[in-house]
Each structure stands twice: as structure tokens, then as C-alpha cells.
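# Observations on the three-dimensional arrangement
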Amino acid sequence: MVEMQRVLQSNLSDVLLRINAACGRVGRERSEVRLIAVTKYADWEWVRILAGLHPVFGENRPQQLAERCQQLPAVEWHLIGHLQRNKVPLALRHAALIHSVDSLRLLQSIAAGAVPGRRPAVLLQVNVSREDSKTGFGADELPRVWDSVLEYAEQVEIRGLMTMAAESSDPEEARPVFAELRHLRNLLSQLPATRQRGIRLSELSMGMSGDFEQAVEEGATLLRIGSLLFHGLKADSG
Ligand SMILES: *Cc1c(COP(=O)(O)O)cnc(C)c1O
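To keep things clear, this report deals only with the structure shown in the data block. A quick note: this is a predicted structure, and the numbers were derived from the prediction, not measured. (Residues numbered from 1 in each chain as written. Predicted model: local features only at pLDDT ≥ 70, side-chain atom pairs only at ≥ 80, totals over all residues. Heavy atoms only, no water.)

### Quick word on unusual backbone geometry
- Look at Arg130: it is not a glycine, yet its phi comes out positive at around 55°.
- Here Arg130 shows up in the loop between β5 (121-125) and α6 (141-144).
- Of note, the phi angle at Arg197 is positive, near 45°, even though the residue is not glycine.
- Looking at the element boundaries, Arg197 is found in the loop between α8 (175-189) and β7 (203-205). (Helix = DSSP H or I, 4+ residues; strand = E, 2+ residues; numbered from the N terminus.)

### Focus: the packing of helix α1 (residues 2-26) against helix α2 (residues 44-51)
- Between α1 and α2, the shortest axis-to-axis distance is 10 Å and the interhelical angle comes to 60°. In this structure, α1 meets α2 at a crossing whose hand is right-handed. Each of Met4, Gln5 and Leu8 in α1 lies in contact with α2, whose residues at this interface are Glu45, Trp46, Ile49 and Leu50.
- Its residues placed into classes, the contact of α1 with α2 shows five nonpolar, one polar and one charged. (Axes fitted to C-alpha atoms, helices over the stretch in contact; angles between N-to-C directions. Left-handed = near helix turned anticlockwise from the far one by under 90°. Contact = heavy atoms within 4.5 Å. Nonpolar A, V, L, I, M, F, W, Y, C, P; charged D, E, K, R; others polar.)

### Observations concerning the site of the ligand
- Taken together, Val38, Lys40, Asn60, Ile80, Met164, Met208, Ser209, Arg224, Ile225, Gly226 and Ser227 make up the full set of residues adjacent to the ligand.
- Separating an oxygen atom of the ligand from a backbone N or O atom of Ser227 is a distance of 2.8 Å.
- Relative to its free-state accessible area of 380 Å², the ligand is covered by the protein chains to the extent of 87%.
- Class assignment for the residues of the shell around the ligand results in five nonpolar, four polar and two charged. (Near = heavy atom within 4 Å. Polar contact = N/O pair within 3.5 Å; in protein donor to acceptor, adjacent residues only side chain to side chain. Areas by Shrake-Rupley, 256 points an atom, 1.4 Å probe, with all protein chains shown as cover.)

### Topic: the pairing of strand β3 (residues 76-79)
- In this structure, strand β2 (residues 56-59) lies alongside β3, joined through four bridges in parallel fashion. From the neighbouring strand, Val56 faces β3, where its bridge partner is Glu76.
- As a crossover connection, the stretch from β2 through helix α3 (residues 62-71) into β3 is right-handed.
- Sheet topology note: the β3/strand β4 (residues 97-101) ladder contains two bridges and is parallel. By the bridge assignment for β4, His78 is matched with Leu97.
- In this region the chain leaves β3, passes through helix α4 (residues 88-94) and returns to the parallel neighbour β4; the handedness of that crossover is right-handed. (Pairing = 2+ DSSP bridges. Right-handed = clockwise from strand over helix to strand, strands pointing away.)

Everything listed is a geometric property; what it means functionally is a separate question.
This is the structure we're talking about:
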């Protein structure tokens with residue numbers, strides 16, 4: 001337990017130092033970047049200990065998010081994985097931010113499920129790397145369907161964009177993907193006011209364990225980091 005705490009503290013400090021350094025390299029304010037600790041593969045005991053060290057966690061399955069959120073309500077929980085429409089009520093009840101709105105149909109379900117007066121906060125997931133295995137709006141598609149997105153802007157707070165780069169041993173390969181997401185955000189933010197309906201795309205959720213420094217350098221505001229934080233801990237096989 002003490003050893004676990006020590007490993008988690010040390011991993012977390014390393015990641016935070018690397019975020020600081022990446023901000024420094026490009027002259028960004030550290031306060032613009034938030035770390036989402038991704039706990040999807042973490043043992044419950046690690047999650048509990050980490051909750052004493054860090055305030056924002058991400059899960060990629062709504063069911064596990066709901067269960068863990070009930071155990072640790074003081075943590076801010078984000079949903080980062082694919083959301084099926086029948087799980088929307090669960091996600092709305094427990095997620096402070098849904099990073100993974102990957103279709104207009106899902107956006108519509110979220111709008112329909114929102115409690116009046118409480119707009120759920122979401123990001124639109126963009127499949128910049130154009131991998132078949134990934135869901136999301138196409139980078140060319142999003143500007144084309146933007147007027148349909150706007151139809152939900154009253155019920156849903158659309159805070160920004162999210163993407164995942166392709167897995168690669170060279171993190172520099174992720175950089176153009178992150179830059180493209182930023183360009184897309186800038187393009188949408190420069191539309192005339194009538195085509196923005198008050199939407200402010202201030203968040204860019206991009207960067208994971210293998211490529212978060214490139215993401216910070218390219219403008220990420222939310223980093224989703226899992227495996228690096230739990231490095232050196234052995235999963236409980238029982
Ligand atoms: C698992 C996951 C992460 C974190 O990945 P690591 O490589 O473990 O840091 C980030 N984003 C999404 C959507 C994930 O599913």
C-alpha cells in the first residue's frame with residue numbers, strides 16, 4: 001500500500017514535470033493544460049490511492065465510470081470511450097464531460113436526454129488519422145455537417161474537439177494529427193457568429209501516454225493519460 005502510493009506519486013510527478021517542460025518549450029501557460037488520469041485498466045486499489053493525489057479521472061466505459069463515480073464522488077469523472085446511445089442516461093448522470101461524441105445521432109440522443117436547465121458538456125470526436133478502427137467525425141465532414149451540430153447547441157454545451165492519433169513507436173507521427181485538430185478548431189471558431197450560436201471550442205482533448213508532449217506543444221488542453229501513471233504496478237491477478 002505504501003509502496004503503491006510511492007509508485008503512483010512518483011509516476012504522477014514525472015508526468016506533471018514533463019507537461020510543465022512541454023508548456024515551457026512552446027511558451028504556453030501551464031494552467032491551460034489539464035491531466036485526465038485514465039483509470040480504465042487500473043485496479044480499484046490504485047484508483048483509490050490516486051484519488052488522493054489527483055482530482056480528474058477518465059474511464060472509457062459508462063458502466064465502470066458509473067460504478068467508480070459512486071465510490072469516489074469527489075473525483076471529476078470524464079467519459080472518454082465510445083458511448084452507445086442506450087448508455088446515454090448513465091453517462092449523463094455521472095460524467096462531467098463526455099469526450100467521445102462521435103456522430104450526430106449520438107449528439108441528438110444526448111440533447112434528447114439532457115435535463116432541462118442542465119446542459120451536458122461534450123467534445124466532438126474527430127477521426128483525423130482516418131483509421132477504420134476509430135469512430136468520429138471526419139475532419140472534412142465536420143465543417144459540412146456543422147449546421148446540424150448547431151441544432152443541438154442549446155441543449156448541449158459543445159466545448160471542443162477530441163482526437164486519438166494512430167499508435168506508433170514514434171510520437172512525432174502524432175504531431176500532424178494534433179496540428180490538424182487545432183486547425184479544424186480554428187476554422188470552426190472563425191465562422192460567422194450566426195454559424196457559431198455561442199459555441200466556444202476552447203478544449204482540445206488530445207495526447208496519451210505515448211504522445212502527450214507533442215500534444216501539449218500542438219495546443220492540447222486536456223491530456224488523457226493512463227498507462228504511464230500506473231507503470232511499475234502489478235495488476236492484482238486474483
Ligand atoms: C486508454 C485511453 C487513453 C489512455 O491511453 P494510455 O496510452 O494508457 O495513456 C486515452 N484515450 C482513450 C480514448 C483511451 O481509451
